[in-house]
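Residues per chain, in single letters:
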Amino acid sequence: MFLPTPLHHALNQLRHTGERRLLLLTGEPAWGLATANQLLPADALWLGEGAPPEQTRVLGRADKLLQCLGQEFDMVVMNGFSGLHPDRLGAAGGTVRAGGLLLLLMPPLADWAEFRDPDHERYVALPEQAAQCHDHFLQRLQRELLADPQLWHLDQRQGLLRLPPVVAGAAPWHPPVDDWLCVTPDQRQAVEAILHCARGHRSRPLVLSADRGRGKSAALGLAAGRLLRSGQSRRILLTAPSQSTVQTTLRWADQHPGLHFFSPDRLLQERPPGDLLLVDEAAAIPSALLIALLKHYHRIVFATTLHGYEGSGRGFALRMRQILDRKTPGWQALQLSTPIRWRHTDPLEPLLARLLLLDAEVNTPEQLAAEPAFQILTQPQLLGDEALLRQLFGLLVLAHYQTSPSDLRTLLDSPQLEILALRQGEQLLAVALLCREGELPPDLAEAIWAGRRRPRGQLLPQSLLAHAGYQDAGLYRYARIMRIAVHPRWQRRGLGGRLVSHLEQYCRRQQLDFLGCAFAASADLLGFWRQQGLLPVRLGLSQDVASGAHSALMLKALQPARQARLTAWQQRFQAQLPDWLAQPLAELPVAVLCALLDPACAGAPLCVEDETDLQAFAWHLRHIDHCLPALKRWLQAHTAALLALPEPERSLLVRRVWQGHAWSRLATELGLPGQKAMQQRLRLALAASGTLPVPERRP
């Protein structure tokens, strides 16, 4: 097999100009693998099956690609026959070196509609259900690829179909380097801004944003190295979603021992001292964790990728701007725009942005209509209306920090997905993604309950079966709200509640049993869903790695016959919650707990002995620890009284009585002088609660 001579000539021109290209190889799997092997240089990355034995850079799993972030290769081969994972495709483009090639191995174009993509197995509960997935993602991918004027295309049967010439006569591309080792003026400006953040006034964070390949992470490392070598900083902290994503920063800081990496959760747990905190890929870190870091560290640089496959920098920028305006109004922002790892005319980056909607934007209506229209959007409709698809995906990107290209494939291909929206003319105001779950086969439900099976998906019934232990949970039909997004300009106008009301009516007409959702629990989100009539029935006992929060599961009965079952589930959850607070939920924020508690599910009334113990504490000098059993029962029996207490007293009771926090820790965190002062506050609060008989005065 001989490769066309023009292709070899074009590859040489590509290396000269510093641009990159996507080469689409269409044909049978064996032909595609053989052709890719002929093109393979020494420095290559192979994604998927079929790599030659001598090829050591082989990554079969998409998540392992994160290990290669910050590295570059002359060629990256993506074997689409192993599964066309959208996140993997986006990440692969970022690792192609200037003058390099991204190879995509796919079936002949005419066969894409019948191609059973292994990646579809990620979107269904059982592998045999993959055939139910749609092929809209591949249809759109083919359409956008063939519409790109710079695509290279080699077909097994038809030969070299497309080979647009590389710009002729262009000067050889070499990135210039200044005396600070910066390549572009805006990278130099970024380093200077980081230095100023470290040396200037406190509480003036810096937000660096850039598309991939602009030298953002290198700027962090260059600045850290200068500060540490000059002695202006002795200890600089670095955090990111994973240690593999900061290798570029560490390398450009020359691995200086004064630069220390901590994961975000470890940073908050240990709170090590540091002269400066650098937060890389901040868009992939939950806002709650960033706010906590902001409270503790007074000199912070937040760096984020604007159009990334691992999280949305645009959504981050919008949310973080609001937070910083409120908490640190003197904050600074800087955006890097000039690419440094490839020529500025590079066509691969904009092609991948179009394919994966990394640059999707949402329109902003000038005025809000009195009654926006409720519509059900279909997946064929999205395939045929690119403007609508871009609006929808752009809205999801703004609403959630973890929106990625895989969500685009979910939108287009998932067989269980329904899309409901509020529209004003051609503009989207709010959207909800709905997934149908439940009605599990009895043998599968029993295996999930017993802990023997954990199929993909079916989040609501699986959680109720495996974690809550409700053996009948697999029988019912659920509508799970996977995601809900409201245009940022029109938030807090009731659009989210209006959309939930519409989809609730829709689900009732479908004769579904429960409407539910699962999300990273916060007081605000729990309050929103309670306003929509959903009740908490479960809380995850461990923190989610991505969000840093516990996952809450909430339900609403859609049929009168199911209300009694939901009430029983909720009451059991409320009764169990205090027991979990003693150990797995010992660090649960009190605000989240209070948003979960329901006075309607209060425990049994106190016995006379318990009331006597509490009287001895509230009106006399009995030590609180001698009344702990009675206090625990009081908290359960008088949830409404607990929620009515002032925040300091409420926190003291929950964290000491239910969560078992030490007095010394509580005094430090709440700014109180000591155990005696805290006990006195609790005595007064309990006495004033109106829940205990006032003891008779003794003569």
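It should be noted that the structure appears before, not after, this text.
Residues numbered from 1 in each chain as written. Predicted model: local features only at pLDDT ≥ 70, side-chain atom pairs only at ≥ 80, totals over all residues. Heavy atoms only, no water.

Asker: Looking at this structure, how should I read the packing of helix H24 (residues 647–658) against helix H26 (residues 675–688)?
Answerer: Remark: H24 packs on H26, axes separated minimally by 10 Å, with the N-to-C direction vectors making an angle of 105°. The angle between H24 and H26 places the two elements in the roughly perpendicular class. Between H24 and H26, the contacting residues are Pro648, Glu649, Leu652 and Leu653 on the first element and Met678, Arg681, Leu682 and Ala685 on the second. Tallied by class, the residues present in the contact of H24 with H26 amount to 6 nonpolar, no polar and 2 charged. (Axes fitted to C-alpha atoms, helices over the stretch in contact; angles between N-to-C directions. Helix = DSSP H or I, 4+ residues; strand = E, 2+ residues; numbered from the N terminus. Parallel < 35°, antiparallel > 145°, perpendicular 65-115°, else oblique. Contact = heavy atoms within 4.5 Å. Nonpolar A, V, L, I, M, F, W, Y, C, P; charged D, E, K, R; others polar.)

Asker: Just checking my understanding: could you explain the nonpolar core for this structure?
Answerer: Proteins that are soluble and globular tend to have nonpolar side chains buried together. Judged by nonpolar contacts, the single largest core of 74 residues is most densely connected at Leu103 and Leu145. In terms of residues, this core owes the most to one element, helix H13 (residues 386–399), which gives 8 residues. Within the second largest apolar cluster, 68 residues are counted, among which are Leu420, Leu422, Ala552 and Leu653. (Core = buried A, V, L, I, M, F, W, Y, C linked by side-chain atoms within 4.5 Å. Buried < 20%, exposed > 50% of the residue type's maximum accessible area, 1.4 Å probe, protein only.)

Asker: Help me understand the packing of aromatic side chains in this model?
Answerer: Given two aromatic rings, one states the distance between the centres and the angle between the planes to describe the pair. Scanning the model with the defined rule gives 7 aromatic pairs in all. Relative to Trp569, the ring of Tyr470 has its centre 5.2 Å away and its plane inclined at 15°; by these criteria the two rings are stacked. Of this pair, Tyr470 sits in the loop between helix H16 (459–466) and strand S17 (477–486) while Trp569 sits in helix H19 (residues 563–581), placing them 99 residues apart in sequence. Here Tyr470 falls in the buried class, since its relative accessible area comes to 6%. A network of ring pairs unites the aromatic residues Tyr470, Tyr476, Tyr478, Phe514 and Trp569 as a single cluster. Over the aromatic face of Trp180 sits the side chain of Arg226, whose NZ or CZ is 3.9 Å from the ring centroid. Note that Arg565 overlies the ring of Tyr470, its terminal NZ or CZ placed 5.9 Å from the centroid. (Phe/Tyr/Trp six-rings, centres within 6.5 Å; stacked < 30°, edge-to-face > 60°. Lys NZ or Arg CZ within 6 Å of the ring centre and 35° of its normal.)

Asker: Just checking my understanding: could you explain the environment of Gln491 for this structure?
Answerer: Structurally, Gln491 is set in the loop between S17 and helix H17 (495–509). Taking C-alpha positions, Gln491 is 9.2 Å from Ala430, a pair spaced 61 residues apart along the chain.

Asker: Looking at this model, I keep getting lost on a nonpolar patch on the surface. Mind explaining?
Answerer: Residues Val177, Leu181 and Trp252 make up a contiguous nonpolar surface patch of roughly 280 Å² in combined accessible area. Note that Trp252 resides in helix H7 (residues 247–252). (Patch = residues over 30% accessible without salt bridge, like charges linked within 9 Å, V, L, I, M, F, W, Y side chains within 5 Å. Areas by Shrake-Rupley, 256 points an atom, 1.4 Å probe, with all protein chains shown as cover. Salt bridge = Lys/Arg side-chain N within 4 Å of Asp/Glu carboxyl O.)

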